[in-house]
Amino acid sequence: MEENSDRTNLSNVRRVILVLSGKGGVGKSTITTELALAFRHAGKKVGILDVDLCGPSIPRMLRVCRPEVHQCETGWVPVYADAQQTLALMSIGFLLEHPDEAVVWRGPKKTALIGQFVSDVAWGELDILLVDTPPGTSDEHLAVLENLRKHRVDGAVLVTTPQAVSTGDVRREITFCKKTGVRILGLVENMSGFVCPHCSECSNIFSKGGGEELAKLTESEFLGSVPLDPLLTRSLEEGTDFLQAFPESATFSAINAIATTLLSRLQDD
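Below, the structure is looked at part by part. (Residues numbered from 1 in each chain as written. Predicted model: local features only at pLDDT ≥ 70, side-chain atom pairs only at ≥ 80, totals over all residues. Heavy atoms only, no water.)

Digging into the environment of F176
Relative to the elements of secondary structure, F176 occurs in helix α6 (residues 164–180). Assessed through its relative accessible area of 12%, F176 is described here as buried. Taking the C-alpha atoms as reference, F176 lies 16 Å from D132; in sequence the two are 44 residues apart. Not counting residues up to four positions away in its chain, the partners in contact with F176 are T137, H141, L142 and L145. (Helix = DSSP H or I, 4+ residues; strand = E, 2+ residues; numbered from the N terminus. Buried < 20%, exposed > 50% of the residue type's maximum accessible area, 1.4 Å probe, protein only. Contact = heavy atoms within 4.5 Å.)

In structure tokens:
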């Protein structure tokens, strides 16, 4: 029986995780990037598929700016963020002529590109593929699911901030997952307090505990909280590896604990 191109390019990808948020600006791409780095430090070969069409920021976070995207016999070759080729990336940002260019497309063109991204990237062997999706519950999400389900989707990580305005939107994202049959691997509360760069004291600028409370209400697993940390912000701006640079920080511990929990859950399946 002849395999289609989706199976050919994804057949050696062992796990696929969606990273979702109910609204923009909650740090979904930050969590995706740091999870990818944490998995890589745990010895995994990782890929990131950045289908956030309106804000493809991961190339900058990994300092992979405007590379040439090459093709092979089976499709697009992902761009590697490290010399060891253990962290692969494909982003809509690679296809824009200028980094400030806006993607002003109607739904059918967006969904067609997402389908092409999912089926035509030659990932090779990966332990984990993280899919950074646009915010909300739109056609783009359905396009991602429809195309990935030809292979597999192991579950979704939902990102929120502590405030009620954010957790309310994530509650709708949880409903979306349940309606579409996507397993929720857990919730992450991002921007949970501010870490002072001078004394390392954590202050709750917004509020605290909204993500954990939502997890209890919806019977979802709470994976952990990640604070606002100037060192993390600077690392993302400069495209450097925060986890490698600041292994003694509380933020490192938080991110590493979330990644360890996810790996444990995936290995138990």
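Some points on unusual backbone geometry
The phi angle at Q85 is positive, at roughly 55 degrees, despite the residue not being glycine. The backbone of M191 sits at a positive phi, close to 60 degrees, despite the residue not being glycine. Mapped onto the secondary structure, M191 falls in strand β9 (residues 184–195). Relative accessible area serves as the criterion here: at 18%, M191 is assigned to the buried category.

Concerning the pairing of strand β6 (residues 87–91)
Counting buried positions along β6 yields 5 of 5 residues, so the element is predominantly enclosed. Of the two faces of β6, the one holding L87, L89 and S91 and the one holding A88 and M90 are both buried throughout. In this structure, strand β2 (residues 46–50) lies alongside β6, joined through 5 bridges in parallel fashion. Paired with I48 across the two strands is L89, which belongs to β6. Where strand β5 (residues 79–80) folds back onto β6 in an antiparallel hairpin, the turn is made up of 6 residues, including Q85, whose phi is positive at roughly 55 degrees. (Pairing = 2+ DSSP bridges.)

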